[in-house]
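If you want the building blocks of each chain, they are given just below.
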Amino acid sequence: MKPTLFATLLLLAALPAHARPGGIGDRADIGCTDCHFADGAVAPEVGIEGPTTVDPGSESTYRVVVRSNAVATQTAAGFNVAASAGELLLGSDSGVRLVENRVTRRNELTHTGPRENDGSGEAAWSFRWRAPTIAGPALLFAAANSVNLDGGPGGDADALAMLAVQVGADATPTPTVTPAPACAGDCNGDGVVAINELILGVNIALGAPVAGCAAIDTNGDGEVAINELIAAVGRALSGC
């Protein structure tokens, strides 16, 4: 006998909410803790590898790499990558898929399923990025999750990574060295440099008013150069 629609809905409702082996978007700037929690697991090391200087409109290959710090228990990983500008593209890696960010309506990248670590405790994916046609700084950022593959949300630890890329020549003159503020890129003064503040810095570098985040203009010349954006990325990763 065929199951009724009501019985089918009950079955679907009974499935665990975390039973989603394929990755999702909208997490590259906030992490994966909406669906996973560490429960004592050690956070992985996450990095984005690839060229940091590219020509406008060019395409380049990048990798997001997740290094487990608990290889005995966290045996696989997943990721979500986004970009402040340009276009993320699929490359030759069949384990990567495009997903639309529901807020920005821009394409992001995520995994088709968890990727098991290699012998050195790493899981990695390759992808392509098409640079914007206008010169200036851009930012690639990622959230990655190191998981234990037990089918549940616990014991999975995430971490964030960012990579600043200069598109075209940096026309900003070399600034006079001046003391940097207490925390470069901390626009709201809360002691933390968040992804949205880094994106604001990129927008200022592209022509937005510097008054929107004076803390990222470390030399006070009224402009944001790639070295100032990199300094802010460093603060975001290591803290103020």
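Residues numbered from 1 in each chain as written. Predicted model: local features only at pLDDT ≥ 70, side-chain atom pairs only at ≥ 80, totals over all residues. Heavy atoms only, no water.

Student: Explain the overall build of the protein chain to me, using residue names and the numbers behind them.
Tutor: Regarding its fold elements, the protein chain presents 3 helices and 11 strands. When the helices and strands of the protein chain are listed from N to C terminus, the series reads α-β-β-β-β-β-β-β-β-β-β-β-α-α. Counting across all 240 residues of the protein chain, residues that qualify as buried make up 41%. Expressed as a percentage of contacts within the protein chain between residues at least 6 apart in sequence, the contacts between residues at least 24 apart total 71%. For the protein chain, the accessible surface area stands at approximately 12,000 Å², while carbon and sulfur atoms represent 57% of it. (Helix = DSSP H or I, 4+ residues; strand = E, 2+ residues; numbered from the N terminus. Buried < 20%, exposed > 50% of the residue type's maximum accessible area, 1.4 Å probe, protein only. Contact = heavy atoms within 4.5 Å. Areas by Shrake-Rupley, 256 points an atom, 1.4 Å probe, with all protein chains shown as cover.)

Student: Give a description of unusual backbone geometry that names residues and reports values.
Tutor: Positioned with a positive phi, Leu149 is a non-glycine residue whose angle comes to about 60°. Residue placement: Leu149 occurs in the loop between strand 10 (136-147) and strand 11 (157-167). For Leu149, a relative accessible area of 43% translates into the label partly exposed.

Student: Let's hear about the pattern of salt bridges: which residues, and what values?
Tutor: Tallied over the entire structure, the rule returns 8 salt bridges. For Glu49, the salt bridge goes to Arg63, with nearest N and O atoms at 3.0 Å. Remark: Arg63 occurs in strand 3 (residues 59-67) and Glu49 occurs in strand 1 (residues 45-49); sequence separation between them is 14 residues. By relative accessible area, which is 32% here, Glu49 ends up partly exposed. One salt-bridge network, in which partners are shared between bridges, spans Glu49, Arg63, Arg67 and Glu122. (Salt bridge = Lys/Arg side-chain N within 4 Å of Asp/Glu carboxyl O.)

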